[in-house]
Amino acid sequence: MRQSMTLIPTLREIPSDAEVKSHQLLLRAGFIRQNASGVYSYLPLAQKVLRKIENIVREEMNNAGAVELLMPALQQAEFWQESGRWYTYGPELMRLKDRHDREFALGATHEEVITSLVRDEVKSYKRLPLTLYQIQTKFRDEKRPRFGLLRGREFIMKDAYSFHSNPESLDDVYNKMYQAYSNVFSRCQLDFRAVIADSGAMGGKDTHEFMVLSEIGEDTIAYSNSSDFAANIEMAPVQMIYEKSNEELKALEKVETINKKTIEEVASFLKTSANKCIKSLLFKADDQFILVLVRGDHEVNDIKLKNIYEASSVELASPEETKAVLGCEIGSLGPIGASNIVVIADHAVEAIVNGVCGANEEHFHYINVNPNRDFQVSQYADLRFIQEGDPSPDGKGQIVFAKGIEVGHVFKLGTRYSEAMNATYLDENGRTQPMIMGCYGIGVSRTLAAVAEQFNDENGLIWPVNLAPFDLHLIAVNMKDQDQSALAEELYELLKQNRYDVLFDERQERPGVKFADSDLIGLPVRITIGKKAAEGIVELKTRKTGEVQEVHKEELLNTISKIVTNL
Ligand code: 9G3
């Protein structure tokens, strides 16, 4: 491709509204341009990388036995009304009306569409399992689009859906997809972890997220420093034995703690430590109030609370609600005397001896508090967020935190959609059964940004060989020079004949501009034709290592293939 013929609008300056490297560099290197907030054009270079990522995804999906189709982005409201999600999703679901005033959604995901298709076309257990996938644009009206392609309102997703007549078959496809995802992200050279995740509103139990490690990631991963345990911090289970001190149980005592509200204030005022305090928080699970107790140095994990109560929503009670239910402010809550409400505690609380807790009275706390003596709880459960340094739940090593970018998510859905939408099949006994489903997503445009985030330096992007928009950057320093332009054209043809995809910079631009653009764009190998063109000598530069070497044109193909195979 001759560079003067394509569109690669590079920028010298760093765009002020781009906060992360990948966003800055994809803009500066002329890969993307923003149309509206969270809505981008993929310019020719990005389009080529997207195609390469999509083809890796296709190969792995096809290899896992999935079959590609393409569903509409325009989805009739009736499907979403059948599943109920028309009413549960808010402004994030983009809706519109057609000329007849009929309501539609712009596809945020395709559970409803695929389920309606399969329910119409598949009737017998003999046709199962069936795994279908597409690679398509999705629309989600994010409240705060940010970081360029990492969180857009229109993005490209590979979404797959599997249909089964028994749970074992779902497990089999789930495991195949899990392996296929690992292959995809490995082939994209990404440093990723598959983590145990929370299925959120999707229902179902097993679900894993594929996270690319990155300090700009929005998710926190808890992983073991000496095993492959890894979980989204929302889900990471805490498995540890809390040793109980054998000190004498002292008599319960109510003490005045004027204006001491936080655990730190109370602990220092009472000359004790946070891990001897009981933090009491009032939550509302759907519409049931629950007093949740955790040790003072721990945090309540509301996702775990939600899953214990299988609630559709869990939130902290408001100060007004707290006052109404327990008669005092949030900073003085405690389990003693809270008789008219369910009390649930994290396992760590049970090991507290002679501890501290709120007295459910302004400016008063109890000391020498002993669980099961001074208050009862309806149950002890794993209710806290895991912390760095906690033992890994698999018993191997300790927990370390890392930030991650979610690039994939696989779910065992069960019959949540097939029951809601009556997608049934006749089993071998002629009985009507709801199909068991799985769904599997990869953020394709997000993966492109994650690669850009992981591979760059101060001069620009550094594309892995198998994802680069072109294999080689051929640069003639001065096309007005006969020797240089002749050699450049000769080598351009030679390289193309040898099946290299070449970006040929033959523009009338100053050399400095060409080299800066080349470093920004980040193709794996640059071939520069300059002063020694008459001797048939060119310069090769490897983008990743910065290594520069001069070769005679007779050696060019050998040298390039040696460089490329070692990258
Ligand atoms: C919506 C909107 C946003 C959404 C969803 C629906 C996330 C929604 C979860 C999934 C589950 C899987 C198939 C591919 C893999 C992920 N955000 N999810 O369902 F209407 Cl506005 O998308 N879907």
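Here, residues in each chain are numbered from 1, in the same order as that chain's written sequence. Given that the model is predicted, a residue must reach a pLDDT of at least 70 before its local features are reported, and side-chain atom pairs must reach 80 or more before they are shown or counted; all residues, however, enter totals for whole chains, interfaces and linings. Side-chain metrics rest on all non-hydrogen atoms present in the structure, leaving aside hydrogens and water.

Q: Explain the domain arrangement of the protein to me, and be specific about the residues and the numbers.
A: The split of the chain into domains comes from an automatic or database domain assignment. Structurally, the protein comprises domain 1 (51-217 + 408-451), domain 2 (253-381) and domain 3 (470-566). Each of domain 2 and domain 3 has a C-alpha centre, and the two are 68 Å apart.

Q: Hey, could you go over the pattern of salt bridges for me, with residue numbers and the actual values?
A: Salt bridges are defined as contacts in which a side-chain nitrogen from Lys or Arg sits within 4 Å of a carboxyl oxygen from Asp or Glu. Within the structure shown, the criterion is met by 40 salt bridges. Where Arg-187 meets Glu-60, a salt bridge forms, and the shortest distance between an N and an O atom there is 2.9 Å. Pair noted here: Arg-187 is in helix 6 (residues 167-187) and Glu-60 is in helix 2 (residues 44-63), with a separation of 127 residues, a long-range link. Residue burial is assigned from relative accessible area. The probe radius is 1.4 Å, only protein chains are included, and a residue is buried under 20% of its type maximum, exposed over 50%, and partly exposed in between. Residue class for Arg-187 comes out partly exposed when judged on its relative accessible area of 28%. For Glu-60, a relative accessible area of 9% gives the class buried. Residues Lys-176 and Asp-172 are paired through a salt bridge, measuring 2.8 Å at the closest nitrogen-oxygen approach. One end of the pair is Lys-176 and the other is Asp-172, both in helix 6 and four residues apart, which spans about a single turn. Secondary structure counts use DSSP, requiring at least four H or I residues in a row for a helix and at least two E residues in a row for a strand, with both numbered from the N terminus.

Q: Residues and numbers for unusual backbone geometry, please.
A: Here the amide bond leading from Leu-128 into Pro-129 is cis, since omega sits at 0°, within 30 degrees of zero. Structurally, Pro-129 can be placed in the loop between helix 5 (111-121) and strand 7 (130-139).

Q: Pulling in residues and values, what's your account of the sheet that holds strand 27 (residues 472-476)?
A: The strand order across the open sheet built from five strands is 28-27-29-30-31, with neighbouring strands paired in mixed fashion. The sheet is open, and its two edges are formed by strand 28 (502-505) and strand 31 (548-552), each paired on a single side. Within this sheet the neighbouring strands show an average axis-to-axis angle of 25°, counted without direction. In the sheet, strand 30 (residues 537-542) pairs with strand 31 via five bridges, with the strands oriented antiparallel. Residue pairing for strand 31: Glu-539 is matched across the bridge by Glu-550. Packing against the sheet, helix 13 (residues 482-497) makes contact with strand 27, strand 28, strand 29 (525-529) and strand 30, and its axis sits at approximately 165° to strand 27. Working rule for contacts: check all heavy atoms of both residues, and any pair within 4.5 Å makes them a contact. Geometry is summarised by axes, namely lines fitted to C-alpha atoms with helices restricted to the contacting stretch, and by angles between N-to-C directions that run from 0 to 180 degrees. Helix 15 (residues 556-566) rests against strand 27, strand 29, strand 30 and strand 31 of the sheet, and its axis sits at about 5° to strand 30. Two strands are said to pair when DSSP picks up at least two bridges between them.

Q: How would you summarise the sheet that holds strand 15 (residues 288-295) if you had to cite specific residues and measurements?
A: With mixed pairing, the five strands of this open sheet are ordered in space as 16-14-15-17-20. Looking at which strands have only one partner, the edges of the open sheet turn out to be strand 16 (314-316) and strand 20 (379-381). Sheet twist, expressed as the mean angle between neighbouring strand axes with direction ignored, is 35°. Two elements, strand 14 (residues 278-285) and strand 16, share three bridges in a ladder whose sense is antiparallel. Looking at strand 16, one finds that Lys-284 is bridged to Glu-315. In the packing of helix 9 (residues 319-326) onto the sheet, the strands contacted are strand 14 and strand 15, and the crossing angle to strand 14 comes to about 105°.

Q: Can you break down the nonpolar core residue by residue, with the values?
A: The nonpolar side chains of a soluble globular protein tend to be buried with one another. Judged by nonpolar contacts, the single largest core of 63 residues is most densely connected at Leu-26, Phe-31, Met-61, Tyr-181, Phe-185, Tyr-440 and Trp-463. When neighbours within four sequence positions are excluded, Phe-185 is seen to be in contact with Leu-190, Phe-192, Phe-210, Val-407, Gly-408, Ile-442 and Thr-447. Residues belong to one nonpolar core when they are buried, are Ala, Val, Leu, Ile, Met, Phe, Trp, Tyr or Cys, and are joined through side-chain atoms within 4.5 Å. Ile-114, Leu-128, Tyr-417 and Met-421 belong to the second largest nonpolar core, which has 24 residues in total.

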